[in-house]
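# Fold and geometry: a report
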Amino acid sequence: MAEPSSTTGGIVIAVGTVTLTGTFLGLQYDGLLFGLCGGMISLMFLPPESPTLRTTRATAVMLAGAAFLGALFSPAAAPLAQSAGDWATKIPAESLRLAAAGGIGLLFQFAVPLALKWLQRRVSA
């Protein structure tokens, strides 16, 4: 028996989205999931008046952006971290990539509102 809170339509959309982004764009599924988890964790720490939490659509777009950018930039972040110092060479590259995907997803929720405020100040000046 299915979970009472899950719907078949939601599962189909989620699987289709992951398949499309992973297959056509070449993104790794675990990077997408870690970016999504980072984005969901950061939602817990956003203030209630945050623009991300105004509508369900804005929240969904921000979570999708966190997952996408986490999976997109994490393969480049692992070699950068390993070249940063000797401490990082002891950590496996796969673990660094997944940590980078989660970190990018986590910071995305805070970076976008800050960037929008900065752009508004630049335009109004």
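Keep in mind the model is a prediction, meaning the values are calculated, not measured. (Residues numbered from 1 in each chain as written. Predicted model: local features only at pLDDT ≥ 70, side-chain atom pairs only at ≥ 80, totals over all residues. Heavy atoms only, no water.)

## What to know about the pattern of salt bridges
The criterion, for reference: Throughout this description, the term salt bridge denotes a Lys or Arg side-chain nitrogen within 4 Å of a carboxyl oxygen of Asp or Glu. Runs of H or I in DSSP of at least four residues are treated as helices and runs of E of at least two as strands, each being numbered from the N terminus. Think of it in three bands: residues with accessible area under 20% of the maximum for their type are buried, residues over 50% are exposed, and the middle band is partly exposed, with areas taken using a 1.4 Å probe on protein chains only.
By the definition in use, this model includes two salt bridges. Here aspartate 30 and arginine 97 are joined by a salt bridge, their closest N and O atoms 2.7 Å apart. Taken together, the residues aspartate 30 in helix H2 (residues 29-43) and arginine 97 in helix H5 (residues 93-124) connect sequence positions 67 residues apart. Arginine 97 is the partner of glutamate 94 in a salt bridge, and the nearest nitrogen-oxygen pair spans 2.4 Å. Pair noted here: glutamate 94 and arginine 97 are both in helix H5, with a separation of three residues, about one helical turn. Given a relative accessible area of 45%, glutamate 94 falls into the partly exposed group.

## Some thoughts on H5
Count 3.6 residues to each turn of an α-helix, and residues three or four apart come out pointing the same way. Under the convention used in this document: Multiplying 1.5 Å by the helix residue count minus one yields the expected span of that helix. Values of bend correspond, residue by residue, to the angle between axes fitted over the seven residues ending at that residue and the seven starting there. Residue contacts are defined here by distance: any two heavy atoms, one from each residue, within 4.5 Å place the two residues in contact.
Between the first and last C-alpha of H5 there are 44 Å, a value that for 32 residues agrees with the 46 Å anticipated at 1.5 Å per step. For H5, the principal kink sits at phenylalanine 108 and spans about 35 degrees. Residues Leu96, Arg97, Leu98, Ala100, Ala101, Gly102, Gly105, Phe108, Gln109 and Pro113 constitute the buried set of H5. Buried residues belonging to H5 abut H2, helix H3 (56-84) and helix H4 (86-89).

## A closer look at the confidence of the model for the chain
Counted only if it meets this: A score from 0 to 100, pLDDT tells how confident the predictor is in each residue.
Predicted confidence across the chain gives a mean pLDDT of 80, with 81% of residues reaching 70 or more. Per-element averaging of pLDDT across the chain places helix H1 (residues 8-25) at the bottom with 60 and H5 at the top with 89.

## Comments concerning a nonpolar patch on the surface
Keep this limit in mind: In this scheme, patches are assembled from residues that exceed 30% relative accessible area and form no salt bridge. Like charges are connected within 9 Å, while nonpolar side chains (Val, Leu, Ile, Met, Phe, Trp, Tyr) are connected within 5 Å. Computed with a 1.4 Å probe, the accessible areas rest on the Shrake-Rupley method; for each residue, only the protein chains presented here act as cover.
Residues Ile41, Met44, Phe45, Leu106, Leu107 and Phe110 make up a contiguous nonpolar surface patch of roughly 610 Å² in combined accessible area. Ranked by the residues each element gives to the nonpolar patch, the list is headed by H5, at three residues. Here isoleucine 41 lies in helix H2.

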